[in-house]
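Coordinates in review
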Amino acid sequence: MNKIYVLKNGECVFHDPGPEMIPVFLSIDPDYKVISTGPGEGFVPKYQQLRDRYVFLEDSPFDYSCEFLLDVLDGKINTTRGDRYAAIDILQAVAYKSLESCSFCGWNCSVNRFLNEKGTCGLGVKVYSRHPFLHIAEEPVINPSIVTNLGGCSLRCKYCIDYDLWDSTNLFPLNPDEYWSYVDKMMVNNAHITSIQFTNPTESLHGIINLLSMAPKNIRLPLVMNAHLYGSNIFYKISSYITDVYLLDMRYGNDICAEILSGVPSYMAHAAAGLNEVCYNNTCRVIIRILVLPSHTDCCHVPALHFLSNYLNRIYLSILDQYVPEHEAFQDFKLSTRPKQIEIDTVKSLSGKYMFRDVFSLESSFW
Amino acid sequence: MSRAIVVQPGIFERFVKKMRATVSSIKNAGFPQLGIHEITPFPSDKLNAVDVLTYNDIAVPLFVFDNLMISADGIPINGAIRSVAAADQGVSVNNDVKPAIKIEVEIEADNIVTKNNEKAEKDHAMAKDVIISSLKNNNIIVESADNIGTGVTRITLDNLSHKNDIKIPEYVFVKR
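Below you will find a few notes about this structure. What you see as residue numbers is a count from 1 along each chain, following the sequence as written. Starting at A for chains and at 1 for ligands, labels are handed out in the order in which the entities are written. The model is predicted, so local features are restricted to residues of pLDDT at least 70 and side-chain atom pairs to those at 80 or more, both for listing and for counting; the totals for chains, interfaces and linings are taken over all residues. Calculation of side-chain values draws on the structure's entire complement of heavy atoms; hydrogens and water are dropped beforehand.

**So, the packing of aromatic side chains**
Residue and element names in this part refer to chain A. The condition that has to hold: Only rings of Phe, Tyr and Trp enter the pairing, Trp through its six-membered ring, and a pair is recorded when the two centres are within 6.5 Å. The plane angle decides the type: under 30 degrees is stacked, over 60 is edge-to-face, the rest tilted. Secondary structure elements follow DSSP: runs of H or I no shorter than four residues count as helices, runs of E no shorter than two count as strands, and numbering proceeds from the N terminus. Using a 1.4 Å probe on the protein chains alone, a residue whose accessible area is under 20% of its type maximum counts as buried, one over 50% counts as exposed, and one in between counts as partly exposed. A ring has a charge above it when a Lys NZ or an Arg CZ is no more than 6 Å from the ring centre and no more than 35 degrees off the ring normal.
Counted under the stated rule, the structure contains 17 aromatic pairs over all chains. Ring centres of F14 and F25 lie 4.9 Å apart, and the angle between their planes is 85 degrees; this geometry places the pair in the edge-to-face category. Of this pair, F14 sits in strand β2 (residues 12-15) while F25 sits in helix α1 (residues 22-28); the two residues are eleven residues apart in sequence, bridging distant segments of the chain. One exposure class covers both F14 and F25, and it is buried. For the pair Y252 and Y267, a centre-to-centre distance of 5.4 Å together with 80 degrees between the ring planes defines the contact as edge-to-face. One end of the pair, Y252, is in the loop between β12 (245-249) and α8 (255-262); the other, Y267, is in helix α9 (residues 267-280), and 15 residues separate them in sequence. Ring pairs connect the aromatic residues F43, Y316, F366 and W367, which therefore count as one cluster. The ring of Y316 carries the charged tip of R357 above its face, separated from the ring centre by 4.1 Å.

Set out below in structure tokens:
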């Protein structure tokens, strides 16, 4: 946890709270609880399943096309000769090969990140992050979660609360040994950890797969990908092999607001393509978050809910009332305040009318 | 973007109530000057509102916060602080208040808070002070508390205060 916001009316927003905050929360509310609904004892995350699968290739994985390698992973091409590779290593090769002409996000920059060419996200081949920390206030089905905030982003949201992540010089290179050492320490101290989570994974997918390929065998925590919905099909395709839960931010309900507030074109088309991929082409669990923005109910949240109703039976909904003006939000009159309670209530009420599955009230059926 | 915890403003009202009771009890025990200045004791390094609430102790309150003073009615007084003197001891438990403290506060009262914003400003200041005090009491280091826009204070915590070896106590954990 590194930020607390105190608002004019005395409201407080605790951003990314960790266990060190529990005494503070108990001081404020003696009935405070950390609620969790984990997947149960026998759960094996996809990345561990992928590590236990093997395929055979006669040449180095890097000598094959991404399409061929994905067909091998999907079992469409059956190879029985050559060297044995863990399936996760094949996936890693696909991710790294994709960097030669990067199209992980909707910008489709096509730069060669291997040569350290940088596109909109500002990242080359290296992946950067803050140190992982234990988040105690996520949705119960993934809570508590070991969260790693990754650097670099394709979006430039005016109200971004983590805008310091855009500049990777403030961050650390993602180091598997250090990461798993952190995780191990946290797990020793907290038996109840429910998930590991990466925020902003789209632009750093190759680094995450590299990390997971070195996960200790005893780690059985589901992997949560907390992504903006401006990823490409290739991002969702590759990430689907390792992702147990997609936690996706549905920020807008039209392209104009997306362009003005986040600087991205064709947002809705990318959101639709991404949701089609995660909802209909694989079996991952999908939670959609809607951050209620002030004065964007009619233009964004209402149409977004209508749009999401196409995926009613595949998604769980999580409505966030935590927006606080940050970064450049004060330059925008509408964004320079907290959302009104009636705006939050309207979004919640409409989601009820559409009969979305509320991730807070249907926890038991999630896993 | 991760989820955050939102604490509604009303939660702080009980702190104020307790603070006012504290002022009242000290005043009744022979400190009429407190009434003159009508200053609500807000938490300091040594006194935490939460502790007062929890243990029913009354410690020596400090009345000055970043040059912000708040009246017993909760209205911030924007004034220059001329002098503050307080004995460093004078603790009372339960209703047995000992007259061991001497407080001299001289201010130039210049209340510039408009009437419409009075409550909001009061709540803001109250919440900020309670939170900062509670953080300090729990050894969480506050790096900065900046006003980042109209009525929004961002409290940034020192990265070092985040430790990955802290346990979630069993009594707060609910497994469903």
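Having seen it, we continue.
**Brief notes about the environment of K185 of chain A**
Counting through the fold element by element, K185 of chain A comes out in helix α5 (residues 176-189). With 27 residues separating them along the chain, K185 of chain A and L212 of chain A place their C-alpha atoms 17 Å apart.

**Thoughts on the sheet that holds strand β7 (residues 133-135) of chain A**
Residue and element names in this part refer to chain A. Keep this limit in mind: When DSSP locates at least two bridges between a pair of strands, those strands are taken to pair. Contact criterion: two residues are considered in contact whenever any of their non-hydrogen atoms come within 4.5 Å of each other. Note on geometry: axes are lines fitted to C-alpha atoms, helical ones only across the stretch in contact, with angles between N-to-C directions running from 0 to 180 degrees.
The sheet built from eight strands is open, its strands ordered β7-β8-β10-β11-β12-β13-β14-β15 with mixed pairing. Lying at the two open borders of the sheet, with one neighbouring strand each, are β7 and β15 (357-358). The strands that helix α10 (residues 297-308) touches are β13 (285-291) and β14 (315-320); relative to β13, the one it contacts most, it runs at about 165 degrees.

**Some points on the nonpolar core**
Residue and element names in this part refer to chain A. We apply this condition: Here, the term nonpolar core denotes a set of buried Ala, Val, Leu, Ile, Met, Phe, Trp, Tyr and Cys residues that are joined through side-chain atoms within 4.5 Å.
Core analysis: the biggest nonpolar cluster contains 122 residues, and F14, I242 and M250 have the highest contact counts within it. For this core, the element with the most residues is helix α4 (residues 87-98), which contributes eight residues. One finds V224, I287, V359 and F366 within the second-largest nonpolar core, a separate group that totals nine residues.

**Points about the state of the cysteines**
Residues and elements named next belong to chain A. We apply this condition: Cysteine sulfur atoms that come within 2.5 Å of each other are treated as a disulfide pair.
Taken as a whole, this structure holds zero disulfides over all chains when the rule is applied. No disulfide involves C284; its sulfur sits 9.6 Å from that of C279, the nearest cysteine. By relative accessible area, which is 1% here, C284 ends up buried.

**Re the interface of chain B and chain A**
Applied cut-off: Buried area adds together the accessible area that both of two parts lose upon being put together, with accessible area traced by a 1.4 Å probe. Any Lys or Arg side-chain nitrogen located within 4 Å of an Asp or Glu carboxyl oxygen qualifies as a salt bridge.
Across the boundary between the two partners, chain B contributes 52 residues, which contact 70 residues of chain A. Between chain B and chain A, roughly 5,500 Å² of surface is buried when both sides are summed, and carbon and sulfur atoms account for 60% of that area. Counting every contact that joins chain B to chain A gives one salt bridge. Its salt-bridge partner being E326 of chain A, residue R154 of chain B comes within 2.5 Å of it at the nearest N-O pair.

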